[in-house]
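The residues making up each chain are set out below.
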Amino acid sequence: VLLLAKPLPFLFRNVNHVAKLLPQDRFVVSTSTDDSTKSCHLAIVTGSNTGIGLETATSLVEQGYEVILACRSRDKGQKAVDRINENNANAGNENSDSRTRTSIQGKAIFLHPLDLSSLNSVKSFSKAFTTQYGPSHPLHILVNNAGINSTGKSVDGMDLCFQTNFVGHYLLTRLMIPHLLKAKNTYSLPQQEQGDEDADAASTPVEAGRVVNLSSVTHHFANCNEVRHNVPPNATRKHDKTWWKHTALPNVSDNTYKESKLAALVFTHELNKRYGSQGLRAVSANPGSVNSDIW
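Residues numbered from 1 in each chain as written. Predicted model: local features only at pLDDT ≥ 70, side-chain atom pairs only at ≥ 80, totals over all residues. Heavy atoms only, no water.

Draft legend 1. Highlighting the packing of aromatic side chains. Inspection of the entire model under this criterion finds seven aromatic pairs. Their ring planes at 45° and their centres at 6.0 Å tell us that Phe-166 and Tyr-170 sit as a pair that is tilted. Placement of both Phe-166 and Tyr-170 in helix α6 (residues 160–182) is noted, with a separation of four residues, approximately one turn of the helix. On the basis of relative accessibility, which here comes to 14%, the residue Phe-166 falls in the buried class. With centroids separated by 6.0 Å and ring planes inclined at 80°, the aromatic side chains of Phe-166 and Phe-267 adopt a geometry described as edge-to-face. (Phe/Tyr/Trp six-rings, centres within 6.5 Å; stacked < 30°, edge-to-face > 60°. Helix = DSSP H or I, 4+ residues; strand = E, 2+ residues; numbered from the N terminus. Buried < 20%, exposed > 50% of the residue type's maximum accessible area, 1.4 Å probe, protein only.)

Take a look at the structure:
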């Protein structure tokens, strides 16, 4: 059993444990009647026309966010937008979740196609965002959800899976950093944790934007010593700069899905390291076993 603990650490976690929902795990969307504040609660969810992305976008709309569905297909994206908005219009139906629904009317929109396997497409999406909302508009939440599990060569000459799952999201996040840093996310603390009832600031802590990178348990298997094709063996036996460069090349690795998920975790850590002092928080989320069409 001990021999399995190092290569398979996730097998020894308490799977029945349910983490307590912390105040900072759910932001408060302002109930102000000022349209300028309402319009600020903005989120982007990639790959949100289906699967986890669709459910995430739906939940955020129910909480009062204006959610941009960032998808490759305009047609599929718009159909998802119509579906979310139609379901959200009937806020009092029996299937609505009273735990997440607010008095604020959120909405889903399709802004511009986003193909993460094309760097030009990512840049075009970013430009469309700036054109629509302005260069100083805050972005409160960015969910890097989209992903594939197939391989090939992208239009930019990279491994298709690695670019779609990681490189495209990396570029999108970097382009959205100025907007994320302008965001002001607030959350309420329970009365007993406030300490000073007269301290309003204590009851409404403020963060900048939140970045959520979808991860996977498969990152545990991104071994730096696995056999690769068309490149020299990994002499350092580490996940070093050369190893990552080779990962991005087509026809080199047979494991770019799990390597892309490891990259997402490293990126999450680095975002917090570089921008945490400015209020931005990045988290990685492993959804577990999900009946998704990625497979």
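Draft legend 2. Expanded view of the packing of α6 against helix α10 (residues 256–275). Following both chains from N to C, one finds α6 and α10 inclined at 15°, their axes separated by 8 Å at the closest point. When the axes of α6 and α10 are compared, the pair comes out roughly parallel. Two packed elements cross with a definite hand, and for α6 against α10 that hand is right-handed. Packed against α6, whose contacting residues are Cys-161, Phe-162, Asn-165, Phe-166, His-169, Tyr-170, Thr-173, Arg-174, Ile-177 and Leu-181, the element α10 presents Thr-256, Tyr-257, Glu-259, Ser-260, Ala-263, Ala-264, Phe-267, Leu-271 and Tyr-275 at the interface. Split into classes, the residues belonging to the contact of α6 with α10 amount to 12 nonpolar, five polar and two charged. (Axes fitted to C-alpha atoms, helices over the stretch in contact; angles between N-to-C directions. Parallel < 35°, antiparallel > 145°, perpendicular 65-115°, else oblique. Left-handed = near helix turned anticlockwise from the far one by under 90°. Contact = heavy atoms within 4.5 Å. Nonpolar A, V, L, I, M, F, W, Y, C, P; charged D, E, K, R; others polar.)

Draft legend 3. Region of the structure containing the environment of Asn-88. Inspection of the secondary structure puts Asn-88 in helix α4 (residues 74–89). A residue is classified by how much of its surface remains accessible, and Asn-88, at 5% relative accessible area, is buried. With 27 residues separating them along the chain, Asn-88 and Val-61 place their C-alpha atoms 7.5 Å apart.

Draft legend 4. Up close: the pairing of strand β4 (residues 141–144). Neither face of β4 is exposed, since Ile-141 and Val-143 on one face and Leu-142 and Asn-144 on the opposite face are all buried. Note: strand β1 (residues 42–46) against β4, three bridges, orientation parallel. When the bridges of β4 are listed, Ala-43 appears paired with Ile-141. The pairing of β4 with strand β7 (residues 210–214) spans four bridges and is classified as parallel. Paired with Ile-141 across the two strands is Arg-210, which belongs to β7. (Pairing = 2+ DSSP bridges.)

Draft legend 5. Up close: helix α3 (residues 51–62). Taking 1.5 Å of rise per residue, 12 residues should cover 16 Å, and α3 covers 17 Å from first to last C-alpha, within 8% of that figure. Within the span of α3, buried status applies to Gly-53, Leu-54, Ala-57, Leu-60, Val-61 and Glu-62. Next to the buried residues of α3 lie β1, β2 (66–70), α4, β3 (107–109) and β4. Just past α3, the residue Gly-64 takes up positive phi, approximately 105°. (Expected span 1.5 Å × (residues − 1).)

Draft legend 6. Examining the pattern of salt bridges more closely. All told, the structure shown has six salt bridges when counted by the stated rule. We note a salt bridge from Lys-79 to Asp-75, for which the minimum N-O separation is 3.5 Å. Remark: Asp-75 and Lys-79 occur in helix α4; sequence separation between them is four residues, near one turn of the helix. Across the pair Arg-274 and Glu-270 runs a salt bridge whose closest N-O atoms are separated by 2.9 Å. One end of the pair is Arg-274 and the other is Glu-270, both in helix α10 and four residues apart, which spans about a single turn. (Salt bridge = Lys/Arg side-chain N within 4 Å of Asp/Glu carboxyl O.)

Draft legend 7. Focus on the sheet that holds β1. Taken in spatial order, the six strands line up as β3-β2-β1-β4-β7-β8 in an open sheet, and their pairing is parallel. If you trace the sheet from one side to the other, it starts and ends with β3 and β8 (281–285), each paired once. On average, adjacent strands in this sheet sit at an angle of 20° to one another, irrespective of strand direction. Across the sheet, helix α5 (residues 119–133) touches β1, β2 and β3, and the angle it forms with β2 is around 155°. Lying on the sheet, α6 is in contact with β1, β4 and β7; it crosses β4 at an angle near 175°.

Draft legend 8. Structural detail: the side chain of Glu-66. In this fold, Glu-66 is placed in strand β2. As a buried residue without a salt bridge, Glu-66 has its nearest oppositely charged side chain in Lys-107, at a separation of 4.1 Å. In contact with Glu-66, other than residues within four places in its own chain, are His-41, Leu-42, Ala-43, Lys-107, Ile-109 and Tyr-133. (Lys, Arg positive; Asp, Glu negative; His and termini not counted.)

Draft legend 9. Local environment of unusual backbone geometry. Backbone geometry at Arg-237 places phi at a positive 55°, although glycine is not the residue there. Tracing the chain through its elements places Arg-237 in the loop between β7 and α9 (241–247). Of the residues examined, Arg-237 reaches a relative accessible area of 57% and is grouped as exposed. For Asn-251, which is not glycine, the phi torsion reads 65° and is therefore positive. When you line up the elements, Asn-251 lands in the loop between α9 and α10. The exposure class of Asn-251 is exposed, given its relative accessible area of 59%.

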